[in-house]
Structures are given as C-alpha cells and as structure tokens.
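Close look at the chain arrangement
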Amino acid sequence: MKVLLIGQGYVGLTISAFAAKHHQVVGFDLNPTIVAQLNKGISHIEGVASEDIKQAIYAGNYKATTDAGEIAGSNIVVIAVPTPLDADRKPDLTYIDSACKLIAKNLTGPALIINESTSFPGTIRNYIKPAIEKYSNQKFEHLYAISPERVDPGRQDFNQKNTPRLYAGLTPEATSRTREFYSTFCDNLVEVSSPEVAEAAKLFENTFRQVNIALVNELAQISHALGIDVRETLDAAGTKPYGFMKFSPSAGVGGHCIPVDPSYLADVAENAGVEATFIKRANEVNLDMPKYIAGRIAKDNGRSLKGKKVLVVGVAYKPNVADTRETPAELLIDALTDLGAVVTWNDPVVGTWHGSESSPLAGADIAVVVTKHDAVDSKDILKSAPYVFDTTGKVKGAVQL
Ligand SMILES: NC(=O)c1ccc[n+]([C@@H]2O[C@H](COP(=O)([O-])OP(=O)(O)OC[C@H]3O[C@@H](n4cnc5c(N)ncnc54)[C@H](O)[C@@H]3O)[C@@H](O)[C@H]2O)c1
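Residues numbered from 1 in each chain as written. Predicted model: local features only at pLDDT ≥ 70, side-chain atom pairs only at ≥ 80, totals over all residues. Heavy atoms only, no water.

Concerning the site of the ligand
What counts is decided by this rule: A cutoff of 4 Å decides nearness: a residue is near a molecule or strand if any of its heavy atoms lies inside that distance of it. Within 3.5 Å is the distance limit for a polar contact, defined as a pair of N or O atoms, with the added protein rule that one can donate a hydrogen and the other accept it, and that residues adjacent in sequence qualify only through two side-chain atoms. Shrake-Rupley sampling with a 1.4 Å probe provides the accessible areas, and residues are treated as covered by the protein chains on show and by no other component. By the criteria applied, helices consist of DSSP H or I runs no shorter than four residues and strands consist of E runs no shorter than two, each listed in order from the N terminus. Gly is placed with the polar residues, together with every amino acid not listed as nonpolar (Ala, Val, Leu, Ile, Met, Phe, Trp, Tyr, Cys and Pro) or charged (Asp, Glu, Lys and Arg).
Every one of the 27 residues lining the ligand counts as a neighbour, but Val-11, Asp-29, Thr-83, Ser-98 and Thr-118 are closest to it. In this structure, Val-151 approaches the ligand through a main-chain N or O atom, which is 3.5 Å from an oxygen atom. Here the ligand has 830 Å² of accessible area as a free molecule, and 91% of this is covered by the chains. Counting residues per element, the ones that place at least two in the shell around the ligand are helix H1 (10-19) and helix H4 (94-106). Looking at the shell around the ligand, the element that brings in the most residues is H4, giving four residues. Here the residues of the shell around the ligand are counted per class, giving 15 nonpolar, eight polar and four charged.

Next up, the structure:
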C-alpha cells in the first residue's frame, strides 16, 4: 500500500520508520530542510535511527518530499501535524486545515484518512471530514478514522510495536481498514466504539499527567514551607502498593503535549457548558512554578538577584531530547531577568536556542537546573557556581526544590 504521512516531525517520522518496513511510505513535509536531510538518510528525531531511514530508502520503501503532487494515488493518508494553542491559549487547527486542503486538492481516488494529531473529540467527524469535502473538486468517498499517537520521544522501553494503540473509524469499514494498517507494525490494538472516545482518551491521558504534576508542584511548595523533604515524602507515599501513582515536582511542564492538550479538553468542555476547573488550576500552578523558583533563589541569595550571573542548566523540556517547545526554562529565564539577574543558559543537547549558543557550564554566581541530561555530569554542574538550585532531584549536594 502507498502510505502518505503529512508531517515528518516527532510523530510522522516515527510512524514512517515503522510503516516503511511493510508499505511504500512517502513522508510529506512543508519544511525543505527536513525533507532534504531525510532523503540523505539523516533523522532529526530522537528515537528514530538514521540507519532505519537509510535502510528504508535503500529498500525503495521510503522517500521524503515537499511535492504535494506525491499525495496522488495514496491508499492511506496519515495526518501528523502540529496542534498548538493560539495567543489566547485556545485550540489552533490551522495546520490541520492546511493538511486537509493539501489532501483534498491532491488525492486522485478514495483513500483511508487517519488523524494522529492530538485534538478535541469531534475533530475527525466535524472538522477534518467536512474540510476535505469542502476543499475537494472531485467527490471521492474517503474513509475517515482516528488513532491518537502516544509516542514518548527518547523513550527506549515503549515504541510503536509494543505501545497499545487506540483506534476507531467513522464507519465499520474505516475501523477495519485502520486495524488492518496498524496491525502490520503494532502488536496491541484497542478498538473503541467511536472516534470521539479515542480523541477524548488521548486528551485525558495528558490531562491526568498535567493535573498530577501540578499537584506535586503544590506539594513541593507546601513541603518547603513546613520544612519537609518533598521527594522523601513522595518516596514514602510510593511504598503503598495500590491507589497511589508517583509524580515528581519540577520547574513546570513542557513539550507539545502536556502543557497544550489539556487546554483542548478545557475548550471543548467550555463549549459544552462545563467549566474545566481542575485543568485551569493545574495550568496556573505549573505556569507559576518558575516564578516560585526564582523567588526561592532570590531569598537564598540576599533577597536580590540584581546583577547576579545566573546560569540555567538544561533548557530542553525533558532529559536527553533537544525539544524546547513550551519549556519551563523560558518562563524561568523571564522570572530571573525580572528580578535583575543576568541570565545565560547551558544545554549541550539543544546547542542553539533562540539564535544564541549554549554557554559554558562554568563561571556563574548561581546555577539552576531545569533539565538534567545524562550527558551533563552533576559534578560539573556543582562546580559551575557557588550556589546551585536543583529542580530535578538529580543533582545531589545542590539546594533542592
Ligand atoms: N511530540 C510528541 O511527543 C507527540 C506525542 C503524541 C502526539 N503528538 C501530537 O502529534 C501531532 C504532531 O506533533 P509532532 O510533535 O510530530 O510535531 P512536529 O512539530 O515535530 O512535526 C510536525 C511537522 O509537520 C510539518 N507540517 C506542518 N504543517 C504541515 C502541512 N500542512 N503539511 C505538511 N507538513 C506540515 C512541520 O513542518 C513539522 O515538520 C500534534 O498534534 C501533537 O500534539 C505529539
């Protein structure tokens, strides 16, 4: 089958690499730099080996393209484009809309169209299908389905093969064709009764994480005020073999999923007349963590950061990936700067960020660890400044959150 992936980022390229073992895969992306690199067999995504891309190209099973004409003749089209928030933190479906236009204008026959991008319940039924029908000149009877993506970039133990995958089509035929496709590379498929259930489940998975992270971040603040070690408390609670799941405090949430997806659920709830109070409060607690941390650092350092050289260590949103989307490091840098600090950052995995290069891990008055990559030695972090504040719990000997 000819499978066309719209978007070759974290999700699209991961699926491409697995699907190319069984199908003819074309990875379509609007970014010519990514496409040129992929066609040389160079992966830009952690967890997708360049070797796998090279092998798929060599076997004639994979190519990347910016040419929308390549969409023609596809049996299956998988949409894997960004679904961010707009300036008012509301769902922004402009990338989905642009993907629908490309599909509608270029498909030359009926196809199975699957959405893997995260969005609110009703997206495939009430948004994607009508948009493709609106933009099409020819009236093909496409099949529509949803299979939300659960990839966790950089993770070794779970991948496309062993992570259970939810799916549902708008019609029984769409459902069975979707099962047939994913069963070629995924061992555990979970059919649900409607696309809306799959879409809602995906949003809830990430909302569950966001709310629980906010809860432990609140506990970190309570524990500090009471003079109790929050991590020891969490370890202690974690000895209960049932009814408890451990989350860890941090500088906040980052990436394209946890800070974003819950707002999709809150928005759809609001439109249905329900106020998503937990989600809103969790957002506030997590977004306020950088200010809380900057305040703690100032308090420990004579109540003023004016003119102090502060080094933020680790600006990626999580360890061992280069992804800085929605990173809490950004809000922390703002909060420290507002208190008069002269802020630089160090992150060898990210390298370049906002047009500036990673600074040396040395010579600061204060260092604050947001993300601890395996490649960065704790001893070097402790040597980088006389005062080190650690939000990760991994740098022993530093002041802990
Ligand atoms: N990153 C994750 O860990 C993850 C996990 C699960 C679900 N998701 C969801 O998957 C979707 C994609 O996320 P991602 O992390 O892969 O994003 P990404 O930014 O890594 O990749 C998206 C790619 O789509 C391309 N693109 C944008 N509009 C396009 C268009 N109209 N046609 C072709 N290409 C286009 C971009 O150039 C980019 O390369 C989002 O809805 C996200 O919420 C992401």
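Some points on the pairing of strand E6 (residues 143-146)
In the case of a regular strand, side chains alternate between the two sheet surfaces. Spelled out, the test is: Residue exposure (1.4 Å probe, protein chains only): buried if accessible area is under 20% of the type maximum, exposed if over 50%, otherwise partly exposed. Orient the strands so they point away from the viewer; a crossover is then right-handed if the path from the first strand over the helix to the second runs clockwise. Note on pairing: DSSP must find at least two bridges between two strands before they are called paired.
Side chains Leu-143 and Ala-145 of E6 all project onto a buried face; the interleaved residues Tyr-144 and Ile-146 project onto the opposite face, where all are buried too. Following the backbone out of strand E5 (residues 112-115), through helix H5 (residues 123-135) and into the adjacent parallel E6, one traces a crossover that is right-handed. Alignment of E6 against strand E7 (residues 165-169), held across two bridges, turns out to be antiparallel. Residue pairing for E7: Ile-146 is matched across the bridge by Ala-168.

Examining the packing of H5 against helix H7 (residues 195-226)
To be explicit about the condition: Where helices are involved, their axes are fitted lines through C-alpha atoms of the stretch in contact, as for all axes, and angles between N-to-C directions lie from 0 to 180°. Any angle between 65 and 115 degrees counts as roughly perpendicular, while under 35 counts as roughly parallel, over 145 as roughly antiparallel, and the rest as oblique. Here, two residues are considered to be in contact whenever any of their heavy atoms come within 4.5 Å of each other.
Two numbers describe how H5 lies on H7: the axes approach to 9 Å, and their chain directions differ by 105°. As summarised for this structure, H5 and H7 are arranged roughly perpendicular, according to the angle between their axes. Residue-level inspection shows Thr-123, Ile-124 and Arg-125 of H5 in contact with H7, the latter providing Pro-195, Glu-196 and Glu-199. Here the residues of the contact of H5 with H7 sort into two nonpolar, one polar and three charged.

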